Amino acid sequence: MGNFFKELCSWSTEEGNHSRGNWSSKVDYLLSLLGMAIGLGNVWRFPYLCFVNGGGVFLIPYTVMMVLVNVPLFLLETSMGQFSSATFVKLLDVCPALRGVAFTALIITCIATSYYCVLIAYPLVFLWHCFTLQTLPWNTCHNYWNTRACRTADELQFYNENNRTTIDGDEEHEEFVESSVEFFLNEVLRISTDIRYLGGIVPSIAVANVIVWIVVFFSLFKGVKVLGKVVWFTALFPFLVLFVLLVRGLTLPGASDGIIIYLYPDFSKLLTIRVWSDAAVQGFFSLGAGWGSLHCLGSFSKFHNNTVQDAVLVPVVNALTSFVSGLVVFSVLGFMAHNVNKPVADLVLGGTDLAFIAYPEAIATMPGSHFWAFSFFIMIFFLGIDSCFVQVETVVVSLQDYFPIFRDRKSLVTFLVCTAIFGLSIVMCTRAGIYYLTLIDGYVVTLGIFCVGVGEMVIFCYFYGPGRLARDIQTMTGKTLNYFWIFNWLYSCPLLLSALLIIIILFNRGLLGYGDYIFPQEFQIASQVVTLLPILVIPVYWLYYMCSIKGSFQERLQAGHSPLSTWGPRDESHRERWTEYCAKLPTLWRQRYCSPTIPPPKWPEEIDTGLALLDGDDAKV
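Residues numbered from 1 in each chain as written. Predicted model: local features only at pLDDT ≥ 70, side-chain atom pairs only at ≥ 80, totals over all residues. Heavy atoms only, no water.

Remarks on unusual backbone geometry
Then, number 1: Phi at Ser85 takes a positive value of approximately 50°, unusual for a residue other than glycine.
Then, number 2: As for its placement among the helices and strands, Ser85 is situated in the loop between helix H5 (59-84) and helix H6 (88-91).
Then, number 3: Since its relative accessible area comes to 10%, Ser85 is described here as buried.
Then, number 4: Its identity is not glycine, yet Arg190 carries a phi of approximately 50°, on the positive side.
Then, number 5: For Arg190, the position within the fold is in the loop between helix H10 (179-188) and helix H11 (203-220). (Helix = DSSP H or I, 4+ residues; strand = E, 2+ residues; numbered from the N terminus. Buried < 20%, exposed > 50% of the residue type's maximum accessible area, 1.4 Å probe, protein only.)

So, in structure tokens, the structure goes:
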């Protein structure tokens with residue numbers, strides 16, 4: 001434990017791959033991992049899933065799936081990146097015929113980043129509207145974007161308390177629209193009535209999107225040394241704001257009603273497949289597995305870093321943040337329900353509607369609403385921007401690893417990648433942008449990333465083998481790996497991920513829409529076709545590779561699914577020690593699928609550290 005806290009401050013500058021760059025300290029590395037893992041989904045997806053899947057009961061399948069699937073996968077990805085000092089594309093020298101899995105992950109990362117940066121541009125639009133001395137604009141009905149049906153929360157409260165049949169002479173049967181809904185749809189999105197009508201660029205979203213990409217570029221163009229310092233603020237500041245919002249939320253009248261409905265257990269939900277699949281999907285996406293980002297962050301880590309500690313610490317902090325975010329959200333929703341005299345359940349929305357409609361409307365009724373609104377949206381922005389940093393850095397470093405000509409052109413490659421992905425995002429800055437964003441998120445990303453996850457399990461858990469994974473991790477850490485990890489890599493991870501992929505294909509293919517609007521059939525079909533294109537890269541590349549090497553079909557199968565000679569630690573001294581350790585282990589199937597029986601090597605650095613703790617005279621003896 002003492003070494004862990006010592007490493008938090010600084011890492012040895014003599015160890016690592018200086019041509020690629022390294023983290024200055026373990027804190028930089030951990031904050032980058034936390035910034036990637038803790039994002040928008042922790043605030044608007046986890047609380048909603050907890051509410052609809054049995055309240056506090058949802059924590060049971062969530063914890064089980066984290067232990068059996070997501071944490072072992074997190075350890076695998078960060079460890080292999082650290083072991084090889086390479087990104088996903090390059091470290092698949094371990095199974096070259098299936099390198100298409102990494103290319104698929106890279107393509108999906110580019111697509112996802114294009115809409116994710118637009119999502120985190122929305123809070124900037126809200127922030128701009130916070131700078132007003134008047135009432136927050138989403139809590140009034142006297143703006144140019146409001147319709148005749150607009151009603152504020154106070155007006156609806158008066159209507160409910162007095163059981164009025166009319167408001168301002170309107171008949172009871174007229175459907176009223178909350179002012180917060182009209183602000184988000186008519187002012188922020190300026191939403192069109194049909195996905196086929198783009199309606200032109202929304203200036204506020206376009207400008208905010210440009211600001212996001214400027215921040216991303218200047219945080220990445222000099223490499224991880226700069227990124228490691230940027231995340232000190234962007235990763236830690238949201239925790240401070242979240243704590244302040246939590247304290248304020250818990251002190252509001254009616255907060256307990258919201259927390260009760262958030263956590264009240266419904267044990268019957270445990271018998272439904274939906275609860276378990278939602279728990280696994282949330283953990284899978286929350287930790288960032290399958291994107292190639294964890295490999296990338298791990299590749300800049302010190303070779304002897306204890307990845308097992310990281311694989312436990314980061315998921316635990318991530319889960320606690322999700323839980324606390326739920327308390328923040330539902331305490332404020334409980335306060336709003338108390339004010340408008342409505343059940344909390346009637347106010348709960350999922351996804352973007354929770355973050356940009358329900359919560360802002362609740363904040364607007366609080367004393368000091370301008371301050372709390374500003375705090376909430378700046379927190380949302382920084383939660384999202386960290387994930388953007390890592391996703392773009394993953395694409396940039398992957399290109400540099402695969403094409404060595406780019407290694408000395410970091411700034412240029414970063415600029416080109418940012419420009420290209422920004423170009424993809426332009427369609428989502430139009431008035432129909434939210435429709436395309438929903439289609440891409442619902443079809444392309446979800447299915448594609450789970451295919452990558454299953455492919456990764458096939459590569460590392462069967463072709464390479466959990467025994468070799470344990471051997472490589474033990475080579476780095478100098479400590480014996482627990483059988484728990486080997487069991488999960490061999491059984492629970494691949495089997496449960498495969499089951500989830502089947503569930504997604506069979507049961508989650510309903511028609512998509514936004515609100516009450518269902519997308520036209522041709523767009524549904526086109527989205528499913530686009531979904532298949534990145535996935536088809538896997539078999540196409542497999543065929544290409546098998547045809548490009550020489551030998552009989554059996555020889556090509558053997559060569560295509562076995563590690564290349566380039567596989568292993570990049571540093572020569574590390575590779576030499578690893579080769580010596582491998583030579584001592586059995587060469588049969590046991591080495592591939594069972595834990596190494598020979599203790600890992602003790603590195604000279606550890607011996608030097610132990611001697612340094614002795615008295616000077618004793619050390620000489």
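Quick notes on the packing of H10 against helix H18 (residues 352-364)
Then, number 1: For the pair H10 and H18, the least separation of the axes is 8 Å and the interaxial angle reads 140°. The orientation of H10 with respect to H18, classified from their angle, is oblique. Considering how the two elements wind past one another, H10 and H18 form a crossing that is right-handed. The residues of H18 that touch H10, namely those facing Ser180, Val181 and Phe184, are Asp353, Phe356, Ile357 and Glu361.
Then, number 2: Along the lines of polarity and charge, the residues of the contact of H10 with H18 split into four nonpolar, one polar and two charged. (Axes fitted to C-alpha atoms, helices over the stretch in contact; angles between N-to-C directions. Parallel < 35°, antiparallel > 145°, perpendicular 65-115°, else oblique. Left-handed = near helix turned anticlockwise from the far one by under 90°. Contact = heavy atoms within 4.5 Å. Nonpolar A, V, L, I, M, F, W, Y, C, P; charged D, E, K, R; others polar.)

Section: the state of the cysteines
Then, number 1: Enumeration over the complete set of coordinates arrives at two disulfides.
Then, number 2: The cystine pairing of the chain, numbering bonded cysteines in sequence order, is 1-4, 2-3. (Disulfide = S-S within 2.5 Å.)

A closer look at the confidence of the model for the chain
Detailed conclusions should not be drawn from predicted coordinates in areas where pLDDT is low.
Then, number 1: Summing up the model confidence of the chain, the mean pLDDT is 86 and the portion of residues at 70 or higher is 89%.
Then, number 2: Considering only residues more than four positions removed or in separate chains, one finds that residues 169-173, a stretch of pLDDT under 50, has nine contacts.
Then, number 3: Under a pLDDT of 50 for its full length, residues 606-621 has, in the predicted model, five contacts with residues more than four places off or in other chains. (pLDDT = per-residue confidence, 0-100.)

Quick word on helix H12 (residues 224-234)
Then, number 1: Restricting attention to buried positions, one finds in H12 the residues Val224, Leu227, Gly228, Val231 and Thr234. One side of H12 holds all its buried residues, which, seen down the axis, span an arc of 130°.
Then, number 2: Packing partners of the buried residues in H12 comprise helix H2 (26-37), H11, helix H13 (237-250) and helix H19 (369-402). (Arc of directions from axis to C-beta.)

Structural notes on the packing of aromatic side chains
Then, number 1: Tallied over the full model, the rule gives 55 aromatic pairs.
Then, number 2: Where Trp23 meets Tyr29, the ring centres are 6.2 Å apart and the plane angle is 35°; that geometry is what we call tilted. In this structure, Trp23 and Tyr29 share a single accessibility class: buried.
Then, number 3: Residues Tyr262 and Phe323 carry aromatic rings whose centres are separated by 6.2 Å and whose planes lie at 35° to one another, so their mutual orientation is tilted. With Tyr262 in helix H14 (residues 255-263) and Phe323 in helix H17 (residues 307-340), this residue pair connects regions lying 61 residues apart in the sequence.
Then, number 4: Pairwise contacts between aromatic rings join Trp44, Tyr122, Phe126, Trp138, Tyr144, Trp145, Phe183, Phe184, Phe356, Tyr359, Phe376 and Phe377 into one cluster. (Phe/Tyr/Trp six-rings, centres within 6.5 Å; stacked < 30°, edge-to-face > 60°.)

A short note on the side chain of Ser286
Then, number 1: When you line up the elements, Ser286 lands in helix H15 (residues 273-286).
Then, number 2: Those residues in contact with Ser286 that sit more than four places away from it in its chain are Met36, Ala37, Ile38, Asn42 and Asn318.

Brief notes about a nonpolar patch on the surface
Then, number 1: Nonpolar side chains collect at one region of the surface, where Ile525, Val529, Val530, Leu532, Leu533, Leu536 and Val540 lie side by side and expose about 610 Å² of accessible area between them.
Then, number 2: With respect to the helices and strands, the residue Val529 is situated in helix H24 (residues 521-548).
Then, number 3: Residue Val529 is classed as partly exposed on the basis of its relative accessible area, which comes to 45%. (Patch = residues over 30% accessible without salt bridge, like charges linked within 9 Å, V, L, I, M, F, W, Y side chains within 5 Å. Areas by Shrake-Rupley, 256 points an atom, 1.4 Å probe, with all protein chains shown as cover. Salt bridge = Lys/Arg side-chain N within 4 Å of Asp/Glu carboxyl O.)

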